Amino acid sequence: MSTYSLSDGRASGAPRLSRAPLLAHWFLESGPGILASAAWMIFGLSCLWWEDVGDWSRTHSLGIAAFVIAAVALFGTVSADYLGSAGRALRQRAPWLIALGAFLTLWEVATAKFAWLPLPFFPPPQSIIEVYTDDLPKLLDSVFASVRLQLGGYLIGAAAGFLTGVSIGWSRAVGYWVHPVLRFIGPLPATAWLPIAFFTFPSSWSASTFLIALATGFPVTVLTWSGVASVSTAYYDVARTLGAKPSFLVLKVAIPAALPHVFVGLFMGLGASFAVLVVAEMIGVKAGLGWYLQWAQGWAAYANMYAALIVMSLLCSGAITLLFAIRDRLLVWQKGTVKW
Amino acid sequence: MVAAAALAEVPGHSAAGAALDIEQVSHAFDIDGAELPVLTEVSIAVEPGEFVALLGPSGCGKSTLLRLVAGLDKPQSGSLREDEIRITRPHPSRVVVFQDPTLFPWRTVWDNVALGLEAQGILTSQRHRVDAALDLVGLSDFRTAYPHQLSGGMAQRVALARALVNDPKILILDEPLGKLDSLTRITMQAELVSLWQRKGFTTLLVTHDAEEALVLANRVVVFSERPARVKADIRVDRPYPRHRGDPYLADLRRQILGLLGLDATW
Ligand SMILES: Nc1ncnc2c1ncn2[C@@H]1O[C@H](COP(=O)(O)OP(=O)(O)OP(=O)(O)O)[C@@H](O)[C@H]1O
Ligand SMILES: [Mg+2]
């Protein structure tokens, strides 16, 4: 994960001539950190100062936690020069810490303290914390179920899509038979199969795996295929004059050359499969975060829904980050790739 | 020159050149239904170990002829034979250095040079040949670099190393020194001659530079405008190393430039 720095240009190297510029320099470097600490202090105060309008058990702990974060931010900022990369990281993220503290304060005040926002639909931060502490086992079960389903379906879909894509790109005969099928079935949203899949597959789990694999497989197939098809013939000429057999041409020329395209397909497939996962869990599978969302809605447990949403977005973002990391490893030879 | 020796003295590799017979070869391309004749009845008989330079105007069909020799394309008519065996497909005994370096961008310099040995499945026992070839072109320090980190001239040198490492019987060079600065170029020319003398492979070199042809080759074949015919086939009987100021070569050069349509005052 990369973070953009707001003050890279003037972070260091300023000539230190007299006292006033020195102070100004210090403030430029440490000001955001101190403000961040203040913002979190205010958030903590806002938790503890007023009475809650509802009945939430974690308000006090949340306030204390906010003060701890404020203290850590303050300490980290003051001694950033001695903390190495951790200090630099803190400095870089200080503006975000300010914004986060301000946002949380506003959220706390608008919900728990004065109920400016209608209450059951907009739960305060402490009620979401409460979900994480009190409903943890069920939430964790849901996370495991979702990850298992998603991982299985995605890996099957990616592998199948990759193999199909390479075969179409390489062999005219395979292309002749598979291409029309791909054109006919591929653009159909995988969720359209849902009712049929849940009837025809032995279990809702296998049906969902199939649908996730389908959603992943289509973009991976198409992009792998186009990647293999667009490999310059000059590469094949070089390899052939050096004695390469057809297997070498596929494995060591076509596939590595197509890999940047393959990764585009893998990213598209990942996005598409997330959507299928959630819908499948909501409709058929009795487990996973999608199901948890559905269940929470049935009980009008809005805090649980927000809590599950946050976990879900962390998981999805984590999956994308992981895929980026794998790509960056495999495609180090490319220059100027996008940083996630 | 030390590196050239290292590469040349690999045990167990017979380093004799092959004979190459190009007989009455004609070729044409199809561009939007219209036929574009490129080669007309080209015949060149190359002795084993000969160094033949091919000169001709741009777009006359030199690269096309080299592709036929390599076995990448089939001629419309006529035949090409390596040691009396008809050329029908590429073979690592005939290695080409293309006009573009076409390095594989996903491989490091070392892995690019190792490509031929890997494709033939003999890399594990022959890794030192890759190192020797890299030494030869002076790029040992760049073995772990990727092609996008190289200059144009360096990339061309890697392409040369990638060909030489295979110990070819016929080395086919399509303007391999075209992108080099004049200093490196002269060094590489000397290395090429020394390597060729040691190993005795047959060399086919396409170049735009008459002087380069005369410094390097036994024989200079001059082509006409497209469709290419052999316009002249000139022996260059001078010992190596040759000197650029040699009046005999200067005389030949004037003659060749005249054949290429340039004024004799050049
Ligand atoms: N694959 C192809 N399809 C159609 N025409 C081609 C193809 N390859 C080459 N030609 C044509 O054949 C002619 C000869 O091309 P070639 O590349 O052999 O020239 P050349 O002598 O190598 O030129 P240069 O010295 O500029 O490299 C050109 O007119 C070109 O347009
Ligand atoms: Mg050419």
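Note that the structure is predicted; figures quoted are calculated from it, not measured.

The rules behind these values
Residues numbered from 1 in each chain as written. Chains lettered and ligands numbered in written order. Predicted model: local features only at pLDDT ≥ 70, side-chain atom pairs only at ≥ 80, totals over all residues. Heavy atoms only, no water. Buried < 20%, exposed > 50% of the residue type's maximum accessible area, 1.4 Å probe, protein only. Helix = DSSP H or I, 4+ residues; strand = E, 2+ residues; numbered from the N terminus. Contact = heavy atoms within 4.5 Å. Donors = N, O, S within 2.8 Å, 3.2 Å for Na, K, Ca; no water. Domains from an automatic or database assignment. Phe/Tyr/Trp six-rings, centres within 6.5 Å; stacked < 30°, edge-to-face > 60°. 1 Å grid on protein atoms, 1.4 Å probe; cavity = no way out; pocket = protein on both sides within 12 Å on 5 of 7 lines; lining within 4 Å. Points joined across faces, edges and corners; volume = space filled by probe spheres on them. Axes fitted to C-alpha atoms, helices over the stretch in contact; angles between N-to-C directions. Parallel < 35°, antiparallel > 145°, perpendicular 65-115°, else oblique. Left-handed = near helix turned anticlockwise from the far one by under 90°. Nonpolar A, V, L, I, M, F, W, Y, C, P; charged D, E, K, R; others polar. Pairing = 2+ DSSP bridges. Near = heavy atom within 4 Å. Polar contact = N/O pair within 3.5 Å; in protein donor to acceptor, adjacent residues only side chain to side chain. Areas by Shrake-Rupley, 256 points an atom, 1.4 Å probe, with all protein chains shown as cover. Salt bridge = Lys/Arg side-chain N within 4 Å of Asp/Glu carboxyl O.

J.: Help me understand helix H4 (residues 125–134) of chain A in this model?
T.: Buried within H4(A) are the following residues: A:Pro125, A:Gln126, A:Ser127, A:Ile128 and A:Val131. Looking at the packing, one finds that the buried side of H4(A) touches helix H2 (59–78), helix H3 (85–113), helix H5 (136–170), helix H11 (289–298) and helix H12 (302–330) of chain A.

J.: In this structure, what is going on with the coordination of the magnesium ion (ligand 2)? I would like to understand it.
T.: Note on metal geometry: ideal angles are 109.5 degrees for four donors arranged tetrahedrally and 90 or 180 degrees for six donors arranged octahedrally. Distances from the magnesium ion (ligand 2) to its protein donors, B:Ser63 (OG) and B:Gln99 (OE1), fall at 1.9 to 2.4 Å. In this pair, B:Ser63 sits in helix H2 (residues 62–70) while B:Gln99 sits in the loop between strand E6 (94–97) and helix H3 (109–113), placing the two residues 36 residues apart along the sequence.

J.: Even after reading the chapter, I still don't get the domain arrangement of chain A, so can you show me in this structure?
T.: Where interface size is quoted, it is often the accessible area lost as the parts come together. According to the domain assignment, chain A contains domain 1 (14–120) and domain 2 (136–330). Taking the mean C-alpha position of each, domain 1 of chain A and domain 2 of chain A sit 40 Å from one another.

J.: Before we go on, may I ask you to explain the packing of aromatic side chains in this structure?
T.: For any pair of aromatic rings, the description rests on two quantities: the centre-to-centre distance and the angle between the ring planes. Counted according to the given criterion, the structure contains 16 aromatic pairs over all chains. Between B:Trp196 and B:Tyr240, the ring centres sit 5.4 Å apart and the planes meet at 70°, which makes this aromatic pair edge-to-face. On the criterion of sequence distance, the pair formed by B:Trp196 in helix H7 (residues 182–199) and B:Tyr240 in the loop between strand E10 (230–235) and helix H9 (247–259) is long-range, its members being 44 residues apart. Accessibility classification places B:Trp196 together with B:Tyr240 in one group, the buried group. Each member of the aromatic cluster is reached from another via a ring pair, and the members are A:Tyr235, A:Trp333, B:Phe104 and B:Trp106.

J.: Can you walk me through empty space enclosed by the protein in this structure?
T.: Any empty space left between atoms is shown by rolling a water-sized probe over those atoms. Residue and element names in this part refer to chain B. The final tally for this structure, using the stated rule, is four cavities of 30 Å³ or more. The space that makes up the largest cavity amounts to roughly 50 Å³. As for the largest cavity, its lining consists of Leu136, Val137, Leu160, Leu164, Leu177, Met188, Glu191, Leu192 and Leu195. Residue assignment for the lining of the largest cavity shows that the elements contributing at least two residues are helix H6 (152–164) and H7.

J.: What is the right way to look at the packing of H2(A) against H3(A) in this model?
T.: Residue and element names in this part refer to chain A. The N-to-C vectors of H2 and H3 enclose an angle of 160°; their axes lie 12 Å apart at closest approach. Comparing their axes, H3 and H2 come out roughly antiparallel. Crossing of H2 over H3 shows left-handed handedness. Seen from H2, the contacting residues are Thr59, Leu62, Ala73, Gly76 and Thr77; seen from H3, they are Leu90, Arg91, Glu108 and Lys113. Here the residues of the contact of H2 with H3 are counted per class, giving three nonpolar, three polar and three charged.

J.: What exactly am I supposed to notice about the sheet that holds strand E9 (residues 219–223) of chain B here?
T.: Strand pairing within a sheet occurs via backbone hydrogen bonds; the two strands may be parallel or antiparallel. Residues and elements named next belong to chain B. Strands sit in the order E6-E7-E8-E3-E9-E10 across an open sheet of six strands; the sheet is mixed. Where the open sheet ends on each side, the last strands, each with one partner, are E6 and E10. The sheet shows a mean angle of 15° between the axes of neighbouring strands, direction not considered. Where E6 and strand E7 (residues 170–174) come together, four bridges link them in parallel fashion. Paired with Val96 across the bridge in E7 is Ile172. With respect to the sheet, H9 is in contact with strand E3 (51–55), E9 and E10, its orientation differing from that of E10 by roughly 175°.

J.: Please clarify how the site of ligand 1 should be interpreted in this entry.
T.: Residues and elements named next belong to chain B. Taken together, 15 residues lie near ligand 1, and Ser58, Gly59, Lys62, Ser63 and Thr64 sit nearest. At a separation of 3.3 Å, an oxygen atom of ligand 1 approaches a polar backbone atom of Cys60. Ser63 has a polar side-chain atom sitting 2.6 Å from an oxygen atom of ligand 1. Against a free-state accessible area of 630 Å², the protein chains account for coverage of 67% of ligand 1. Listing elements by their share of the shell around ligand 1, those giving two or more residues are strand E1 (20–31), strand E2 (34–46) and H2. Counting residues per element, the shell around ligand 1 draws most heavily on H2, at three residues. In the shell around ligand 1, the residues fall into five nonpolar, seven polar and three charged.

J.: Before we go on, may I ask you to explain the side chain of B:Thr203 in this structure?
T.: Mapping B:Thr203 onto the fold places it in strand E8 (residues 202–207). If we ignore the near neighbours within four places in the chain, the residues touching B:Thr203 are B:Glu50, B:Phe51, B:Val52, B:Leu171, B:Leu173 and B:Trp196.

J.: Looking at this structure, how should I read the pattern of salt bridges?
T.: When their charged atoms lie close together, side chains carrying opposite charge are able to pair. One pass over the full model with this rule turns up 23 salt bridges over all chains. We note a salt bridge from A:Arg91 to A:Glu29, for which the minimum N-O separation is 3.4 Å. Taken together, the residues A:Arg91 in helix H3 and A:Glu29 in helix H1 (residues 19–49) connect sequence positions 62 residues apart. The partly exposed category is assigned to A:Arg91, whose relative accessible area is 24%. For the salt bridge of B:Arg219 with B:Asp233, the shortest nitrogen-to-oxygen distance reads 2.8 Å.

J.: What's the story with the packing of H5(A) against helix H10 (residues 246–283) of chain A in this structure? I'm lost.
T.: A pair of packed helices is captured by two measures, namely the crossing angle of their axes and the spacing between those axes. Residues and elements named next belong to chain A. Relative to each other, H5 and H10 sit at 145°, their axes nearing to 7 Å. Here H5 and H10 pass one another in a crossing that is right-handed. Of the residues contributing to the contact of H5 with H10, the split by class is 17 nonpolar, four polar and one charged.

J.: Looking at this structure, I do not really get the pairing of E3(B). What am I missing?
T.: It is a general feature of regular strands that their side chains alternate between the two faces of the sheet. All names here are of chain B. Burial of E3 is extensive: five of the five residues sit out of reach of the surface. Burial of the side chains of E3 extends over both faces: Phe51, Ala53 and Leu55 are buried on one face and Val52 and Leu54 on the other. Two strands pair when backbone bridges link them, and E3 and E8 are joined in this way by five bridges, in the parallel orientation. Residue pairing across strands places Phe51 opposite Thr203, the latter belonging to E8. By the bridge criterion, four bridges tie E3 to E9 in an arrangement that is parallel. Paired with Leu54 across the two strands is Val221, which belongs to E9.

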